[in-house]
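Residue-level structural notes
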Amino acid sequence: MLRIAVPNKGSLSEPASAMLHEAGYRQRKDRRELVLVDSANEVEFFFLRPRDIAVYVGSGRLDIGITGRDLLLDSGSQAEEIMQLGFASSTFRYATRPGTAKDVREFGGMTVATSFAGLVTKHLADNGVDAAVVHLDGAVETAIQLGVAEIIADVVETGTTLRNAGLEIIGEPILESEAIVIRRAGEATDDPKVQQFLRRMQGVLVARRYVMMDYDIRVEHVERAVALTPGLESPTVSPLHHEGWVAVRSMVPSSEAQKIMDELYDLGARAILTTGIHACRL
Ligand SMILES: Nc1ncnc2c1ncn2[C@@H]1O[C@H](COP(=O)(O)OP(=O)(O)OP(=O)(O)O)[C@@H](O)[C@H]1O
Ligand SMILES: O=P(O)(O)OC[C@H]1O[C@H](OP(=O)(O)OP(=O)(O)O)[C@H](O)[C@@H]1O
Ligand SMILES: [Mg+2]
């Protein structure tokens, strides 16, 4: 059985379970369930606090886990990133009241409040800055108003929380984060069970990002048409009963589908259809 850690709460929890469900795995119906065995797929899921997942995986108690890159790096665990999952994207940044500091090198003697003390302590040391770090569990934006710190370091997605607290970002992001799959550092990556899991997750990412496009076009225009729809490897071109016409089938990025349909139409393509992809293995 492959033993997989899944976030049980917070921003990562629902999208992680949704992705696993799309990949064909059983997921819990009751949020209080802590362990779930999916015997048909030979997988056991452990629903754990997102912060703890790198600890379990790094110690080798669980084979793989889904967590955030920022949480992995903050934990200092012996675990490594093996796949990006494309959700819960954010940056991790310093922020303060206008006029306090413009660069991390000006933080000397100040206090930084954060829920990611490991990450921030390392970043300050890497920049040769002697600043105090106060660890808070959440809502760190309020720490400045309440006089606990002059600077905060926190997750920023849209920036709304910072703006509402009257804070401004300082400098470049400390890091860019998203949901990732992790495993114990240095572990061989050719375990067939792990490989199968990663292929399933990759299949979900591709199914979400691409649509299947079909169209009919006159033979003399097919080269220009397939240049617009090159597919991942090569488009399928089939003869049509109607002489001089072919049918083309190809995967295209869903974000570009409408633009490509317009361009194909202008080239003379007709019966242009797109259909969703439910699952795939590349
Ligand atoms: N607003 C957000 N947008 C994108 N990702 C976020 C956001 N807030 C937190 N995250 C990500 O979620 C992970 C933190 O998960 P965690 O469950 O510990 O905190 P949370 O999602 O903020 O939940 P809570 O604060 O309710 O406990 C990190 O990887 C972080 O980057
Ligand atoms: O840039 P934004 O789109 O505003 O999102 C960022 C906010 O989202 C998270 O807060 P959360 O709601 O999880 O509360 P917390 O601070 O208590 O973790 C994070 O800690 C930031 O405060
Ligand atoms: Mg939070």
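Residues numbered from 1 in each chain as written. Chains lettered and ligands numbered in written order. Predicted model: local features only at pLDDT ≥ 70, side-chain atom pairs only at ≥ 80, totals over all residues. Heavy atoms only, no water.

To be explicit about the condition: UniProt positions are given in the numbering used here, feature names are shortened, and annotations may be inferred rather than shown by experiment.
Under the annotation held in an unreviewed UniProt entry, the protein carries the name ATP phosphoribosyltransferase and is attributed to Streptomyces zagrosensis. Per UniProt, the protein carries the Catalytic activity (unreviewed entry) text "1-(5-phospho-beta-D-ribosyl)-ATP + diphosphate = 5-phospho-alpha-D-ribose 1-diphosphate + ATP".

**Side note on the overall build of the protein**
Test applied: Each helix is a run of DSSP H or I of at least 4 residues and each strand a run of E of at least 2, with the numbering of both proceeding from the N terminus. Taken over C-alpha atoms, the radius of gyration is set against a globule rule of 2.2 Å times the number of residues to the power 0.38. Only protein chains enter the calculation, and the probe is 1.4 Å; a residue is then buried if its accessible area is under 20% of its type maximum, exposed if over 50%, and partly exposed in between. Residue contacts are defined here by distance: any two heavy atoms, one from each residue, within 4.5 Å place the two residues in contact. Computed by Shrake-Rupley with a 1.4 Å probe, the accessible areas treat only the displayed protein chains as cover when residues are assessed. When charges are counted, Lys and Arg are positive and Asp and Glu negative, with His and the chain ends excluded. Every charge is mapped to an atom, namely NZ of Lys, CZ of Arg, CG of Asp or CD of Glu.
Assigned secondary structure in the protein consists of nine helices and 15 strands. Taking 19 Å as the expected radius of gyration for a compact globule of 282 residues, we find that the protein reaches 24 Å, considerably beyond that expectation. Here the protein, with 282 residues, has 46% of them falling under the buried criterion. When contacts within the protein are restricted to residue pairs at least 6 apart in sequence, those whose partners lie at least 24 apart make up 67%. Counting every atom, the protein has about 15,000 Å² of accessible surface; 49% of that belongs to carbon and sulfur. The averaged location of the 39 negative side-chain charges in the protein is 5 Å from the averaged location of its 30 positive side-chain charges.

**Concerning the sheet that holds strand 3 (residues 43–48)**
Rules: Between any two strands, pairing holds if DSSP finds at least two bridges. Angles run from 0 to 180 degrees between N-to-C directions of axes, and those axes are lines fitted to C-alpha atoms, restricted for helices to the stretch in contact.
The sheet built from six strands is open, its strands ordered 2-3-1-4-11-5 with mixed pairing. If you trace the sheet from one side to the other, it starts and ends with strand 2 (35–38) and strand 5 (79–84), each paired once. Each neighbouring strand pair of the sheet contributes to a mean axis angle of 30°, computed without reference to strand direction. Sitting on the sheet, helix 1 (residues 13–22) touches strand 1 (2–7), strand 3 and strand 4 (64–68), and the angle it makes with strand 1 is about 140°. Sheet contacts for helix 7 (residues 192–209): strand 1, strand 4, strand 5 and strand 11 (179–184); angle to strand 5, the most-contacted strand, approximately 40°.

**A closer look at the packing of aromatic side chains**
Selection rule: Any pair of Phe, Tyr and Trp rings, taking the six-membered ring for Trp, is counted once the centres come within 6.5 Å. Such a pair is stacked with planes under 30 degrees apart, edge-to-face with planes over 60 apart, and tilted for the rest. Whether a charge sits over a ring depends on NZ of Lys or CZ of Arg being within 6 Å of the ring centre and within 35 degrees of the ring normal.
Summed over all chains, the structure comprises four aromatic pairs. For the pair Y25 and F197, a centre-to-centre distance of 5.8 Å together with 40° between the ring planes defines the contact as tilted. In this pair, Y25 is assigned in the loop between helix 1 and strand 2 and F197 in helix 7, connecting sequence segments 172 residues apart. Here Y25 and F197 have matching classes, each one buried. Members of the aromatic cluster, connected to one another through ring pairs, are Y25, F45 and F197. Sitting over the ring of F47, R28 keeps its end group 4.3 Å from the ring centre.

**Concerning the site of ligand 1**
What counts is decided by this rule: Note on definitions. A residue lies near a molecule or strand when any single heavy atom of the residue is within 4 Å of it. Counting of polar contacts relies on pairs of N or O atoms within 3.5 Å, with two restrictions inside protein: one atom must be capable of donating a hydrogen and the other of accepting it, and residues adjacent in sequence are counted only when both atoms are side-chain atoms. Three residue categories are used. Nonpolar comprises Ala, Val, Leu, Ile, Met, Phe, Trp, Tyr, Cys and Pro, charged comprises Asp, Glu, Lys and Arg, and polar comprises the others, including Gly. An automatic or database domain assignment supplies the start and end points of every domain.
Near ligand 1, the surroundings consist of 13 residues, among which S11, P50, D70, S90 and E157 are the closest. S11 places a polar side-chain atom, nitrogen or oxygen, 2.6 Å from an oxygen atom of ligand 1. E157 has a polar side-chain atom sitting 3.2 Å from a nitrogen atom of ligand 1. Calculation on ligand 1 without its partners gives an accessible area of 600 Å², and the protein chains cover 65% of this total. In terms of residue class, the shell around ligand 1 is made up of five nonpolar, five polar and three charged. When residues of the shell around ligand 1 are assigned to domains, at least three map to each of domain 1 (2–87 + 178–189) and domain 2 (90–177).

**A look at helix 4 (residues 117–126)**
Heads up, the rule is: Arc definition: it is the arc formed by the directions from the helix axis to the C-beta atoms.
What helix 4 keeps buried is the set A117, L119, V120 and L124. Looking straight down helix 4, one finds its buried side chains confined to an arc of 160°; they lie on one side. Projecting away from the buried face of helix 4 at angles above 90 degrees are the exposed residues K122, A125 and D126. Looking at the buried residues of helix 4, the elements they touch are helix 3 (69–75), strand 6 (90–96), strand 7 (111–114), strand 8 (132–135), strand 9 (151–156) and strand 10 (168–177).

**What about the nonpolar core?**
Convention followed: Only buried Ala, Val, Leu, Ile, Met, Phe, Trp, Tyr and Cys residues count toward a nonpolar core, and they belong to the same one when joined by side-chain atoms within 4.5 Å.
Residues Y94, F107 and F197 are the most contacted members of the largest nonpolar core, which totals 45 residues. Looking at this core, the element that brings in the most residues is helix 7, giving six residues. Of the residues that make up this core, three or more belong to each of domain 1 (2–87 + 178–189) and domain 2 (90–177). Dropping the residues within four chain positions of it, F197 is found in contact with L2, I4, L20, Y25, I64 and V181.

**Looking at the UniProt feature "domain: ATP phosphoribosyltransferase catalytic" (unreviewed entry) in the protein**
Summarizing the sequence annotation, UniProt attributes the feature "domain: ATP phosphoribosyltransferase catalytic" (unreviewed entry) to residues 49–203 in the numbering used throughout. Each end of residues 49–203 is marked by a C-alpha atom, and these two atoms are 26 Å apart; helix forms 30% of the span and strand 31%.

**Looking at the domain arrangement of the protein**
Partitioning the protein into structural domains gives domain 1 (2–87 + 178–189), domain 2 (90–177) and domain 3 (210–276). Here the C-alpha centre of domain 3 lies 39 Å away from the C-alpha centre of domain 1.

**Overview of helix 9 (residues 257–267)**
Residues spaced three or four apart along an α-helix point in a common direction, a consequence of the helix completing one turn every 3.6 residues. All of the buried residues along helix 9 are A257, I260, M261, L264 and L267. Angularly, the buried residues of helix 9 cover 120° about the axis, an arc narrow enough to put them on a single face. Facing away from the buried side of helix 9 by more than 90 degrees, the exposed set consists of Q258 and D266. In the core, the buried residues of helix 9 are packed alongside strand 12 (210–218), helix 8 (222–228), strand 14 (245–253) and strand 15 (270–276).

**Some points on the UniProt feature "domain: Histidine biosynthesis HisG C-terminal" (unreviewed entry) in the protein**
In the UniProt entry, the feature "domain: Histidine biosynthesis HisG C-terminal" (unreviewed entry) is given for residues 207–278. Annotated as residues 207–278, this span is 29% helix and 40% strand, and its ends, taken at the C-alpha atoms, are 6 Å apart.

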